[in-house]
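# Structural overview
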Amino acid sequence: MPTLFFDSAQQLNRLVYFEEINTEEQAMERFKVVSTFTRMQKEKMIRAVNTDWIDLTAGLKYESGQRMRPTLYSRPSIQPARRAVA
């Protein structure tokens, strides 16, 4: 996973959590929020959707250039709920 948003010092070997975000601005805002979480809070967030910490990169088909969302787990959305306008 050489081009993902992490530096080489972190030595990542599996993807256990991800969120789909529409814009770069939303992504940066979410990154800032998650960066303030403690390790315990981050683990709780991961375990809510991936209790066994299964590697999700296979579902993304990252290496083949195709991006496919894994179907085993539902991902949280950070988009605000839309209300119907009458």
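Residues numbered from 1 in each chain as written. Predicted model: local features only at pLDDT ≥ 70, side-chain atom pairs only at ≥ 80, totals over all residues. Heavy atoms only, no water.

The helix and strand tally for the chain stands at three helices and zero strands. Expressed as a percentage of its 86 residues, the buried residues of the chain come to 21%. Total accessible area computed for the chain in this model is approximately 7500 Å², and 54% of it derives from carbon and sulfur atoms. (Helix = DSSP H or I, 4+ residues; strand = E, 2+ residues; numbered from the N terminus. Buried < 20%, exposed > 50% of the residue type's maximum accessible area, 1.4 Å probe, protein only. Areas by Shrake-Rupley, 256 points an atom, 1.4 Å probe, with all protein chains shown as cover.)

Locating Val 16 in the fold gives a position in the segment before helix H1 (24-35). Sequence separation of Val 16 and Asp 52 is 36 residues, and the distance between their C-alpha atoms is 9.0 Å. Once residues within four sequence positions are removed from consideration, Val 16 is found in contact with Ile 46, Asn 50, Trp 53, Ile 54 and Leu 56. (Contact = heavy atoms within 4.5 Å.)

Okay, the side chain of Glu 19 next. Position of Glu 19 relative to the elements: it lies in the segment before H1. In this structure the side chain of Glu 19 is engaged in a polar contact, spanning 2.5 Å, whose partner is the side chain of Tyr 17. For Glu 19, the side chain forms a polar contact with the side chain of Arg 30, separated by 2.8 Å. (Polar contact = N/O pair within 3.5 Å; in protein donor to acceptor, adjacent residues only side chain to side chain.)

Bringing the confidence of the model for the chain into the picture now. Scored by pLDDT, the chain has a mean of 74; 57% of the residues are at 70 or more. Within the chain, the element-level pLDDT minimum falls on helix H3 (residues 57-60), averaging 76, and the maximum on helix H2 (residues 39-47), averaging 95. (pLDDT = per-residue confidence, 0-100.)

Here we take up the pattern of salt bridges. This model, assessed by the stated rule, comprises two salt bridges. Note that Glu 19 is salt-bridged to Arg 30, the shortest N-O span being 2.8 Å. Here the residue Glu 19 occupies a position in the segment before H1, and Arg 30 occupies one in helix H1, the gap between them amounting to 11 residues. One exposure class covers both Glu 19 and Arg 30, and it is buried. (Salt bridge = Lys/Arg side-chain N within 4 Å of Asp/Glu carboxyl O.)

Its place among the elements puts Trp 53 in the loop between H2 and H3. Taking the C-alpha atoms as reference points, Trp 53 and Arg 14, separated by 39 residues in sequence, lie 8.9 Å from one another.

Its place among the elements puts Asp 55 in the loop between H2 and H3. Its relative accessible area of 33% is what places Asp 55 among the partly exposed residues. Taking the C-alpha atoms as reference points, Asp 55 and Asn 13, separated by 42 residues in sequence, lie 8.7 Å from one another. Beyond its immediate stretch of four places on either side in the chain, Asp 55 contacts Asn 13, Arg 14 and Leu 15. A distance of 3.1 Å separates the side chain of Asp 55 from the backbone nitrogen of Leu 15, its partner in a polar contact.

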